[in-house]
Amino acid sequence: MSGKLQKVAYRPVGLVLGLGAGAIAGFVFKEIWKLAAGDDDAPTPTDEDRGWGEILAAAALQGAIFATVRALVDRGGAVGVRKMTGKWPD
């Protein structure tokens, strides 16, 4: 398979993996927030009743979780493509 064709073929797979990663990361964040803060709802930036520290801590934790899950899913997808096609996706 040519490089361009392989890139186009992997694009929908990457999109589905990205959506799945977002869903998994959201679930993981909610569960970790419950354990860490003892609160079912993480603060949002516009939550008037929450302080800066809590809002920034939640944002940092959420970003770290999303980046980690996305990296795991992207890397796993690339490894899977290489196993199936013999080539690393671009």
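All residue numbers here refer to positions counted from 1 along the written sequence of the relevant chain. Where local features are concerned, this predicted model is filtered to residues with pLDDT of at least 70; where side-chain atom pairs are given and counted, the filter is 80 or more; whole-chain, interface and lining totals use all residues. Side-chain metrics rest on all non-hydrogen atoms present in the structure, leaving aside hydrogens and water.

Caption draft 1: Fine view of the overall build of the protein chain. Put simply, DSSP H or I for four residues or longer makes a helix, DSSP E for two residues or longer makes a strand, and each gets a number counted from the N terminus. A count of helical and extended segments in the protein chain gives two helices and zero strands. Here the radius of gyration uses the C-alpha set of atoms, whereas the globule reference equals 2.2 Å times the residue count to the power 0.38. The C-alpha radius of gyration computed for the protein chain amounts to 18 Å, which surpasses the reference 12 Å derived for 90 residues by more than 25%, pointing to a less compact arrangement than a globule. Projecting the C-alpha coordinates of the protein chain onto the three principal axes gives extents of approximately 55 × 20 × 15 Å. Per-residue accessibility, obtained with a 1.4 Å probe over protein chains only, is compared with the maximum for each type, and a residue is labelled buried under 20%, exposed over 50%, and partly exposed between these values. Going through the 90 residues of the protein chain one by one, you find that 22% of them count as buried.

Caption draft 2: Molecular detail of the side chain of Arg50. By the element assignment, Arg50 lies in the loop between α1 (3-37) and α2 (52-85). Judged by its relative accessible area of 18%, Arg50 is buried. Leaving out residues up to four positions away in the same chain, Arg50 has contacts with Asp39, Asp41, Ala42, Pro43 and Ile55. The contact definition used throughout considers only heavy atoms, calling two residues in contact when any of these lie within 4.5 Å.

Caption draft 3: Up close: α2. The span you would expect from a helix comes to 1.5 Å times its residue count less one. Between its terminal C-alpha atoms α2 stretches 49 Å, which fits the 50 Å expected from 34 residues at 1.5 Å a residue. Within α2, the full set of buried residues consists of Ile55, Ala58, Ile65, Val69, Val73, Gly77, Ala78 and Val81. Phi turns positive, to about 85°, at Gly86, one or two residues after α2.

Caption draft 4: Region of the structure containing the environment of Gly63. Along the polypeptide, Gly63 turns up in helix α2. Taking the relative accessible area as the measure of exposure, Gly63 reaches 40% and is therefore partly exposed.

Caption draft 5: Main features of the nonpolar core. Residues Ala21, Ala25, Phe29, Trp33, Ala58, Ile65, Val69 and Val73 constitute the largest nonpolar core, which totals eight residues. Elements with a contribution of two residues or more to this core: α1 and α2. Excluding its chain neighbours within four sequence positions, the residues that come into contact with Val69 are Ala21, Ile24 and Ala25. Residues grouped as a nonpolar core are buried Ala, Val, Leu, Ile, Met, Phe, Trp, Tyr and Cys residues, joined through side-chain atoms within 4.5 Å.

Bear in mind that shape data such as this cannot, by itself, settle questions of function.
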